[in-house]
Amino acid sequence: MTLIAQIAASFGALLLGAWLFTNTVEWIGYRFKLPSGFAGSFIAAVATALPETLVPIVAIIAGYREGVAVGAILGAPLMLSTVAMGIGGLSVLVAYLTGRRRRPVIKTSHFSLDARHFLVAYSLVLAVSLTDFKPAHFAVAVVLFLLYMVYVRRLLRTGDVVEQPSIEFEMAHPVLAGLLAAVFLVGSVALLVAGAHGFADAVERLAERLGADPFTVSCLLAPIATELPEKLNSVIWYLKGRDDLALGNVTGAMVFQATFPVAVGLLFTSWRLDSRELATVTVPLAAMVLLYLYSRRNELDWKVMSTVAVLYPVPFVFT
């Protein structure tokens, strides 16, 4: 019961921290009139990706078993490219059946930008994972950091100006509004760090009690819990017809997860992947290739989005 309470409390802290962080950063984006592509694929994506990003980082710093960190790093792109896309496809179908859409498809807009950067980054990850040569790990880590910087720069020129957020820090004096936003920002990050630390510890202990491999437990449980903000945000935006924010929230998180956390793993772990872990890298690549090829029509159908969800269990069933 103590372990369950710790998981629930950590999960609650992660969700509350992600919600506060998302709304605060969205307000900053709105205040400075940033493009919607930047808001969806960077602001919203990174904000809601922070929980699962912090889980492996905290696991590495705190000295938990390496399998927990690697599982959390690889589990996020796997979950986003399959389950999150499937949930998005079903959300589009529901919107169509309830009369909120004329067709059960979404306009991809800057999806190709996200997809190309993800495919390049994760192809590099797959290639470097086939060797134990540490200098190669270091070189690819640097390239991944630079690739993400290039991606963010391109996002600044993508999409219309972001719409008004649900929460605003409006006060008589703009300095006070900025200070309040800063307080919320720091508070939300503190919640995310505390939640990530508690969750990483719980995953380690749960794996020991179940006698299970830490990689499998963390790869399955951590992303399911910590990817929830992306899924909930995207469902709401799909129902509202705000496809750039909905899809960008997922694909932008995928680009982030394929670069920054992986670079940390390459630098601070041995990064020796077995066949199952290599399959965990390969499945998101396959899913994104399928989506990218279909999106060349400048739209995505709900059926192809839902189809990629069946790829999720492949690394655990066939390896």
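Not measured: the values here are computed from a predicted model.

Caption draft 1: Structural view of unusual backbone geometry. Of note, Trp-271 is a non-glycine position whose phi angle comes to about 50 degrees, a positive value. With respect to the helices, strands and loops of the structure, Trp-271 is situated in the loop between α9 (243-268) and α10 (275-294).

Caption draft 2: Region of the structure containing the packing of helix α3 (residues 66-97) against α9. Running from N to C, α3 and α9 point in directions that differ by 165 degrees, and their axes come no closer than 8 Å. With respect to their mutual orientation, α3 and α9 come out roughly antiparallel. For the crossing formed where α3 meets α9, the hand is left-handed. In contact with Ile-73, Ala-76, Pro-77, Leu-80, Ser-81, Ala-84 and Met-85 of α3, α9 contributes Leu-247, Val-250, Thr-251, Ala-253, Met-254, Gln-257, Pro-261, Val-262 and Gly-265.

Caption draft 3: Region of interest: the pattern of salt bridges. Following the criterion strictly, the structure yields 4 salt bridges and no others. Salt-bridge contacts for Arg-103 lead to Glu-299; the nearest nitrogen and oxygen are separated by 3.0 Å. Within this pair, whereas Arg-103 is found in the loop between α3 and β1 (105-107), its partner Glu-299 is found in strand β2 (residues 299-301), the two being separated by 196 residues in sequence. Residue class for Arg-103 comes out partly exposed when judged on its relative accessible area of 44%. Taking the relative accessible area as the measure of exposure, Glu-299 reaches 13% and is therefore buried.

The rules behind these values
- Residues numbered from 1 in each chain as written.
- Predicted model: local features only at pLDDT ≥ 70, side-chain atom pairs only at ≥ 80, totals over all residues.
- Heavy atoms only, no water.
- Helix = DSSP H or I, 4+ residues; strand = E, 2+ residues; numbered from the N terminus.
- Axes fitted to C-alpha atoms, helices over the stretch in contact; angles between N-to-C directions.
- Parallel < 35°, antiparallel > 145°, perpendicular 65-115°, else oblique.
- Left-handed = near helix turned anticlockwise from the far one by under 90°.
- Contact = heavy atoms within 4.5 Å.
- Salt bridge = Lys/Arg side-chain N within 4 Å of Asp/Glu carboxyl O.
- Buried < 20%, exposed > 50% of the residue type's maximum accessible area, 1.4 Å probe, protein only.

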